[in-house]
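Each chain is listed here by its residues.
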Amino acid sequence: MTDYLADVKKYDADADEGVVNKIVKYLGIALRNRDSALVSSSDPEELARVKSGWCAKKLGVDGAEADAAIDATAKAMAADRSKSRVTFYYLVAKHLGKLETV
C-alpha cells in the first residue's frame, strides 16, 4: 500500500494531503515493513505503543482522552482487516483535534 492519501480518504473525504505526507515522513522506515506499516487494534501492546509514541510524544495527549481517540479509530476502521498505520494515526489525530500539530 503506497497510496496513503487514498486510504485516508476512505474515512475522511476532506483529508489534508500535507498532513498525510507529514505522518508518512514521521513514520519513515516503519512503513517499509508490512507488519510495522499496519496497526493491530486487537493487540493491547500495539495500542499502548500508539498511545505513548503517537498520542503522548507527538500530539501531547495522554490518559483517557488518548484512549478514547484510539478506541474510536479502531471502531471506525473495524471493517478493514489491514489497518494502515498512516490512516490510523491520521484518524487518531483528527479525533483529538490535533491535525495541525502533526
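In what follows, the structure referred to is the one given above.
Let me sum up the structure you'll find in this document. Quick caveat, the model's predicted, so the values are computed rather than measured.

## A short note on helix α5 (residues 64-76)
- Under the 1.5 Å per step criterion, the end-to-end length of α5 is 18 Å for 13 residues, consistent within 8% with the ideal 18 Å.
- Those residues of α5 not exposed but buried are A66, A69, I70, T73 and A74. On an axial view of α5, the arc spanned by its buried residues comes to 130°, and they lie on one face. Across from the buried face of α5, at angles greater than 90 degrees, the exposed residues are A64 and K75.

## As for the nonpolar core
- By size, the foremost hydrophobic cluster in this structure holds 31 residues, and its most contacted members are I23, W54, V86, F88, Y90 and V92.
- For this core, the secondary structure elements donating two or more residues are α1 (4-9), α2 (17-27), α4 (44-58), α5 and α6 (85-95).
- A per-element tally of this core places α6 first, with seven residues.
- Ignoring anything within four residues of it in the chain, the contact list for V86 reads Y4, V8, V20, I23, V24, L27 and L31.

About the thresholds
- Residues numbered from 1 in each chain as written.
- Predicted model: local features only at pLDDT ≥ 70, side-chain atom pairs only at ≥ 80, totals over all residues.
- Heavy atoms only, no water.
- Helix = DSSP H or I, 4+ residues; strand = E, 2+ residues; numbered from the N terminus.
- Expected span 1.5 Å × (residues − 1).
- Buried < 20%, exposed > 50% of the residue type's maximum accessible area, 1.4 Å probe, protein only.
- Arc of directions from axis to C-beta.
- Core = buried A, V, L, I, M, F, W, Y, C linked by side-chain atoms within 4.5 Å.
- Contact = heavy atoms within 4.5 Å.

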